[in-house]
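# Chain and residue survey
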Amino acid sequence: MAETDTQHSLTSLLCTEERDFLIRNNGEQVKVEEVEGKIVGLYFSAHWCPPCSTFTPVLSEVYTKLVANGDFEIVLVSDEKSFEEYHNIMPWLALPFSDKQAKEKLDQEFDVEDIPTLIFLDQKCKTISTDGVSIIVDYGAEAYPFSKERLAELKAEEEAIRLSQSLNSLLVSPDRDFVIGNGDKKVPILELVGKTVCLYFSADWCYKCRVFTPKLIQFYNDLKSRGEELEILFISSDQDTESFQEYFGSMPWLALPYGDKKANYLERYFEIEGIPTLIVLGSDGKTLQTEAVELVMDHGVEVYPFTKEKLDELKAKEEIIRAAQTMESLLVSDERDFVITNSGEKVPVSELTGKTVGLYFSAHWCPPCRGFTPKLVQVYNKLKENGEAFEIVFLSSDNDQEAFEEYYASMPWLALPFGDKVKEDLSRYFSIKGIPSLVIVGPDGKTVTTDARNLLSVHGAKAYPFTDARLVELEKEMEVAAKKYPKEIKSDLHEHSLNLIQRKAYICDGWCQEEGSASS
């Protein structure tokens, strides 16, 4: 909701001909005129709304700090069915539940579409901001009186902090100069100064976090065993204390106390858009990396200490490795020089040399994988029937040997033995972010494409051998074919005529602008 300069009157906004009061959660009536001359927050909220349930305690803390000044008030505006129960947890005033007309008038006046919404009005009942929720989450009571000038001051203060960033400026608050370890041990932030510190934004409810956390634990333990000056600080986005404690209990590092206001500050400061996120601070407290999750996934402990020099070194090393890439360098390990068939036969990796090989990252527990595998089987069988020198090697992400064997039984190609460490190495090497993924390696052992799944979905067996030259040919074939399609078609599935806009894509020539294809 955009900020506005609209002038209001509290009486016209909150009163009706029958009512000139608001109510407290004990039923006491408070004349609206008693709120005149104060900064007022109109809080549109409901108990059934999860974001409201999360935000209300935050707002309560801010309210408690500000209301003692005597010039601030909040008014709940809600059609919550259990209104009294919901209002009972709030220390502020409310529009009476029975006054549906007044609530509807406020919804329309401020164009309220989503909740929670918090509108701030100044002492003259002029709208200060319609984005009060974000202001409270970002700045808390420090944002008072919520004016443009105060927000500008806070942003200027943040910029000054960035210029002189240190562990203390990031982590210390007026009421806390420590972080915690498991068992509620308090660790002074002073003990972290001079170390490489990683800020780990994560939560137990986040699947990607639960996948990454064990890898980060291994990373942390390996470096600590080497005596490296490294620490990790968990910054929780969990939804309750119990979840935080259970999740943090699995971690060998430190954490901000659950619910600490610095967590919101750090999320805003580092512009965290999703989790897991790993921010790396150097020994001087300055930011080294803001996307270290991928670095840890791709390089493991080799990426430490995350400096530009280390990343340049890894990049140069990787270029040398890729230039010398062969089928053997990809698939052979110190313990194994073969792949297997689903009957258990061992096939030397050397027999794949000179062939186009697909490395298929997949798992039975993954629904998209189970949907794609039959299509891949069809393409594989078609290419084999055509006598093409093509092979596929399955790299499993299944959870156990039994699941691997059951899934692999549906595949006519080769595989790495289940649990082989080369699979994880190749996942990092090819930056596999999700499954199913299909990487194509050419007859010379060099990577042709890491996006073969999409190529097969579009072109099927015609995509073989997946080279740029072949894709150019397919583009030309599609352009030629598109010239034969009618410029306009009628469909029983749609009331308007459909016009050709590109290749086989058609769009309605009526008002609805719906798209279709030549086949639908």
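Structural data are supplied above this passage.
Residues numbered from 1 in each chain as written. Predicted model: local features only at pLDDT ≥ 70, side-chain atom pairs only at ≥ 80, totals over all residues. Heavy atoms only, no water.

### Considering the overall build of the chain
Applicable threshold: Helical segments are the DSSP runs of H or I of at least four residues, strand segments are the runs of E of at least two, and each set is numbered from the N terminus. Restricting the calculation to C-alpha atoms gives the radius of gyration, and the globule rule supplies 2.2 Å times the number of residues raised to the power 0.38. Any residue under 20% of the maximum accessible area for its type is buried, any over 50% is exposed, and the rest in between are partly exposed; the area is computed with a 1.4 Å probe on protein chains only. Note on contacts: a residue pair is in contact if any heavy atoms of the two residues lie within 4.5 Å. Areas reported here follow the Shrake-Rupley algorithm with a probe of radius 1.4 Å; residue values treat only the protein chains shown as occluding. Under the counting rule used here, the positive set is Lys and Arg, the negative set is Asp and Glu, and His together with the chain ends is not counted. Positions of charges follow a simple convention, taking NZ of Lys, CZ of Arg, CG of Asp or CD of Glu.
Assigned secondary structure in the chain consists of 18 helices and 25 strands. Relative to the 2.2 N^0.38 estimate, which gives 24 Å for 520 residues, the radius of gyration of the chain is 30 Å and therefore markedly larger than a compact globule would have. Taken over 520 residues, the chain has a buried fraction of 47%. Residue pairs at least 24 apart in sequence account for 59% of intrachain contacts in the chain once pairs closer than 6 positions are excluded. Counting only carbon and sulfur atoms, one obtains 49% of the accessible surface of the chain, whose full area is about 26800 Å². For the chain, the centre of its 55 positive side-chain charges and the centre of its 89 negative side-chain charges are spaced 5 Å apart.

### Topic: unusual backbone geometry
Going from Ile115 to Pro116, the amide bond is cis rather than trans, its omega being 0°. Inspection of the secondary structure assignment puts Pro116 in the loop between helix 4 (100–109) and strand 6 (117–121). The amide bond that connects Ile435 to the next residue, Pro436, takes the cis arrangement and shows omega of 0°. You can see Pro436 is positioned in the loop between helix 16 (421–429) and strand 20 (437–441). The backbone of Phe146 sits at a positive phi, close to 70°, despite the residue not being glycine. By the secondary structure assignment, Phe146 is in the loop between helix 5 (132–139) and helix 6 (148–163).

### Some words on the nonpolar core
General note: in soluble globular proteins, nonpolar side chains tend to be found buried as a group. The criterion, for reference: The set of buried Ala, Val, Leu, Ile, Met, Phe, Trp, Tyr and Cys residues whose side-chain atoms join them within 4.5 Å is what this entry labels a nonpolar core.
In this structure, Leu199, Tyr200, Phe234, Trp253, Leu266, Phe270 and Phe306 are the most contacted members of the largest nonpolar core, which totals 54 residues. Broken down by element, the residue count for this core peaks at 7 residues, all from helix 8 (residues 207–225). Leu266 has contacts with Leu170, Leu171, Phe201, Ile235, Leu256 and Ile272, leaving out every residue within four places of it along the chain. Cys52, Phe55, Phe72 and Leu118 belong to the second-largest nonpolar core, a separate cluster that totals 31 residues.

### Some details on helix 4
Selection criterion: Note: the arc covers the axis-to-C-beta directions of the helix.
The set of residues buried in helix 4 consists of Ala102, Lys103, Leu106 and Asp107. Projection of helix 4 onto a plane perpendicular to its axis shows the buried side chains occupying an angular sector of 140°, all on one side. For helix 4, the exposed residues lying more than 90 degrees away from the buried face are Gln101 and Gln108. The inward-facing, buried residues of helix 4 contact helix 1 (10–14), strand 3 (39–44) and strand 4 (72–77).

### Considering the packing of aromatic side chains
To describe a pair of aromatic rings, one takes the distance between the centres and the angle between the planes. The following threshold applies: Centres within 6.5 Å are what make two rings of Phe, Tyr or Trp a pair, Trp counting through its six-membered ring; a difference in plane orientation under 30 degrees is then read as stacked, over 60 as edge-to-face, and the rest as tilted.
On inspection of all chains with the given rule, the structure shows 36 aromatic pairs. Relative to Phe234, the ring of Tyr200 lies with its centre 6.5 Å away and its plane at 45°, an arrangement referred to as tilted. On the criterion of sequence distance, the pair formed by Tyr200 in strand 10 (residues 196–202) and Phe234 in strand 11 (residues 230–236) is long-range, its members being 34 residues apart. The exposure classification of Tyr200 matches that of Phe234, with both residues buried. Both rings, one in Phe394 and one in Tyr407, keep their centres 5.6 Å apart while their planes meet at 85°; by these two values the pair is edge-to-face. With Phe394 in strand 18 (residues 390–396) and Tyr407 in helix 15 (residues 401–408), the pair connects residues that are 13 residues apart, well separated along the chain. Note on Phe394: relative accessible area 0%, which makes it buried.

### Details of the pairing of strand 4
Selection criterion: One bridge is not enough; two strands pair if DSSP finds at least two bridges between them. The crossover handedness rule: strands pointing away from the viewer, path from first strand over the helix to second strand clockwise, crossover right-handed.
A large share of strand 4 lies buried, amounting to 6 of its 6 residues. Residue alternation in strand 4 divides its side chains into two sets, Phe72, Ile74 and Leu76 and Glu73, Val75 and Val77, and both sets are buried. Both strand 3 and strand 4 contribute to a ladder of 6 bridges, which runs parallel. Counterpart to Tyr43 in the pairing with strand 4 is Leu76. Handedness of the strand 3-helix 2 (residues 50–67)-strand 4 crossover: right-handed.

### A short note on the side chain of Glu73
The cut-off we apply is this: Whenever a carboxyl oxygen of Asp or Glu lies within 4 Å of a side-chain nitrogen of Lys or Arg, that contact is scored as a salt bridge. Counting of polar contacts relies on pairs of N or O atoms within 3.5 Å, with two restrictions inside protein: one atom must be capable of donating a hydrogen and the other of accepting it, and residues adjacent in sequence are counted only when both atoms are side-chain atoms.
You can see Glu73 is positioned in strand 4. Within the buried set, Glu73 has no salt-bridge partner at all; the shortest N-O distance to an opposite charge, 4.7 Å, is to Arg24. One polar contact links Glu73 to Tyr63, side chain to side chain, over a distance of 2.8 Å. Not counting the four nearest positions on each side in its chain, Glu73 is found in contact with Val35, Lys38, Ile39, Val40, Gly41, Tyr63, Trp92 and Leu93.

### Some thoughts on the pattern of salt bridges
Inspection of the entire model under this criterion finds 25 salt bridges. Here Asp420 makes a salt bridge to Arg336, at a shortest N to O gap of 2.6 Å. Within this pair, whereas Asp420 is found in the loop between strand 19 (414–415) and helix 16, its partner Arg336 is found in the loop between helix 13 (327–331) and strand 15 (338–340), the two being separated by 84 residues in sequence. For Asp420, a relative accessible area of 14% translates into the label buried.

### Some thoughts on the pairing of strand 11
The buried fraction of strand 11 amounts to 7 of the 7 residues, a majority that puts the element mostly inside the structure. Burial along strand 11 is two-sided: the face carrying Leu230, Ile232, Phe234 and Ser236 and the face carrying Glu231, Leu233 and Ile235 are both buried. Bridge analysis of strand 10 against strand 11 gives 7 bridges, and the strand direction is parallel. What sits directly across from Tyr200, in strand 11, is Phe234. In this region the chain leaves strand 10, passes through helix 8 and returns to the parallel neighbour strand 11; the handedness of that crossover is right-handed. Two elements, strand 11 and strand 12 (residues 254–255), share 2 bridges in a ladder whose sense is parallel. Bridge pairing links Phe234 to Ala255 in strand 12. Considered for its hand, the β-α-β crossover made up of strand 11, helix 9 (residues 241–248) and strand 12 is right-handed.

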